[in-house]
There are 2 protein chains.
Amino acid sequence: MTRKPPLHTAKTVPLGCSRMRSMFLFYICYLLSLFLGIVCVVFVSYWNSYWRGGFAWDGSALQFNWHPVLMVTGLVVLYGNAAVLYRIPLTWSQNKLPWKLLHAGLLFLALLLSILGLCAVFDFHNAKNIPNLYSLHSWLGICTIALFAAQWTLGLAAFLLPCSPLELRKLLKPIHVWMGSIIFTLSIAACISGINEKLFFALKGNTNETKPYSMLPPEAVFANSLGVLIIAFGLVVLKILSNQRWQRPEPGQEEESSEPLLGRDR
Amino acid sequence: MTRKPPLHTAKTVPLGCSRMRSMFLFYICYLLSLFLGIVCVVFVSYWNSYWRGGFAWDGSALQFNWHPVLMVTGLVVLYGNAAVLYRIPLTWSQNKLPWKLLHAGLLFLALLLSILGLCAVFDFHNAKNIPNLYSLHSWLGICTIALFAAQWTLGLAAFLLPCSPLELRKLLKPIHVWMGSIIFTLSIAACISGINEKLFFALKGNTNETKPYSMLPPEAVFANSLGVLIIAFGLVVLKILSNQRWQRPEPGQEEESSEPLLGRDR
């Protein structure tokens, strides 16, 4: 693999007022995404431990509770953080390889958590003789994870294997970035429909313990708020991915397009 | 209002091979978006007329059936078509004002249908003493329509009122385009969660007429497919909006950013 020399942006491009302002805005968005990501993980964990009875791995409803926690943590929060990694200006003056490895490693962890999240719900369904993969939420979720697995494998082969030619990388990069944003957007839609579905299942109001969802008990307000937080996190991450000024500059590739979901094609 | 002279792209910019290829790809995507949009409207109408008993405006479940039809038609299909209107290269050589009026008119119709769709579900809920706005789907949907109404009103004031200054338009345009894509993405997430929710309500399997959702009766497969089609339509529209080469060129504004959801900020 031909290694590119590290970029010393501070030396080659003087930091003008506009650039400083852009970097300041980036760090505001980045800190916001970190904060919202942590709050999402705290909310989904608290919801399932406090209101849904906690966790187990025994085919019971407590095993199901891992599903939302692992999906929000892996497919949304870890995935989103891995996606914006290259945008951090502090890393631009360093060799890209360690950041590629961290990007791939975080996404591998995200994929692993998502697959564990799938196992949690499949085991629960199988133990209770509930069919798998019938709802629109499940169709969307399984397609998202299949795309994610294909994207990760292809990404490893194209961008980390030393034998992959540079021309192939150049060709695949915009597709990789575009697919990355698509998968992230689909995962958020899957989470929203999943939380909505779970609340209708859990809050039927047919026991003395729970009020129905339609009465908006505290659990419903809390879990709806989790949905709103996930959307806010998604919008901040997509905003970071979209801003071309926040893309890591590549030597000789300033004109190369590598825009996400809604980026320019060239 | 200072009117800009029409652009005669064919005269000023020779159509090279790359430009022809770009335009060809645009029309492929545009025709695909038109086709998918029509199929979405047919699917949502057929689902509610064939399996859900048709339509009425009497507070019954037949009134509820207007809700998905009006939301998919207005908030997704009409909205998406209005959003990509400026991207049609055939219109670039013409005065922009009639296309602005068509853009605003189509979006007004989309807003009207969405508000009618809201009335359908509110009337149904009120007639059956079902609380309004408790589910995550409804929170997402009502926020989307509120944002849409604000966006339309601000868009009218800023881009169609002759007294609005050019500087203000220049400032607001990227925000208007960005918000437009956000609203479209949120509306798709709201539709997916809504279809999922409706199928759990409708297909409980407690009558001889319907099998439960989990048994995937033909209605469930059909309505899940509607969800998949809506996502496909959304991705094609977002792809069209994202491609800078497909943006209507503005005289002296080639460098001005007006990118959607994931576009570049300047």
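What you see is a predicted model, and the numbers here were worked out from it, not measured in a lab.

S.K.: So what about the UniProt feature "transmembrane region" (unreviewed entry) in chain A? Which residues, and what values?
M.R.: Residues and elements named next belong to chain A. As recorded in UniProt, the sites labelled "transmembrane region" (unreviewed entry) are residues 24–46, 66–89, 101–124, 136–163, 175–195 and 221–241. As annotated, residues 66–89 comprises 75% helix and 0% strand, and the C-alpha atoms at either end are separated by 35 Å. Helix makes up 100% of residues 175–195 and strand 0%, and the two end C-alpha atoms of the span are 30 Å apart.

S.K.: Can you tell me about the side chain of Ser114 of chain A, naming the residues and giving the values?
M.R.: Residues and elements named next belong to chain A. The residue Ser114 is located in helix 5 (residues 96–127) in this model. When its relative accessible area of 0% is taken as the criterion, Ser114 is described as buried. The contact partners of Ser114, leaving out residues within four places of it in the chain, are Met71, Gly74, Leu75, Ile145 and Phe148.

S.K.: Any chance you could break down the interface of chain B and chain A for me, citing the residues and the numbers?
M.R.: At the interface, 43 residues of chain B touch 43 residues of chain A. Where chain B meets chain A, there are 0 salt bridges. In this assembly, chain B and chain A are joined by 12 residue pairs in polar contact (both at pLDDT 80 or more). Of all the secondary structure elements, the ones that give two or more residues to the side of chain B that touches chain A are helix 6 (136–159), helix 7 (166–202) and helix 8 (218–242) of chain B. When residues in the side of chain B that touches chain A are grouped by element, the largest group, 12 residues, is from helix 7 of chain B.

S.K.: Talk me through a nonpolar patch on the surface; I want residue IDs and the actual numbers.
M.R.: A cluster of nonpolar side chains, contributed by Phe24, Leu25 and Ile28 of chain A, occupies part of the molecular surface with about 300 Å² of accessible area. Take Phe24 of chain A: it is sitting in helix 2 (residues 17–51).

Conventions we followed
Residues numbered from 1 in each chain as written. Chains lettered and ligands numbered in written order. Predicted model: local features only at pLDDT ≥ 70, side-chain atom pairs only at ≥ 80, totals over all residues. Heavy atoms only, no water. UniProt positions renumbered as here; feature names shortened; annotations may be inferred. Helix = DSSP H or I, 4+ residues; strand = E, 2+ residues; numbered from the N terminus. Buried < 20%, exposed > 50% of the residue type's maximum accessible area, 1.4 Å probe, protein only. Contact = heavy atoms within 4.5 Å. Salt bridge = Lys/Arg side-chain N within 4 Å of Asp/Glu carboxyl O. Polar contact = N/O pair within 3.5 Å; in protein donor to acceptor, adjacent residues only side chain to side chain. Patch = residues over 30% accessible without salt bridge, like charges linked within 9 Å, V, L, I, M, F, W, Y side chains within 5 Å. Areas by Shrake-Rupley, 256 points an atom, 1.4 Å probe, with all protein chains shown as cover.

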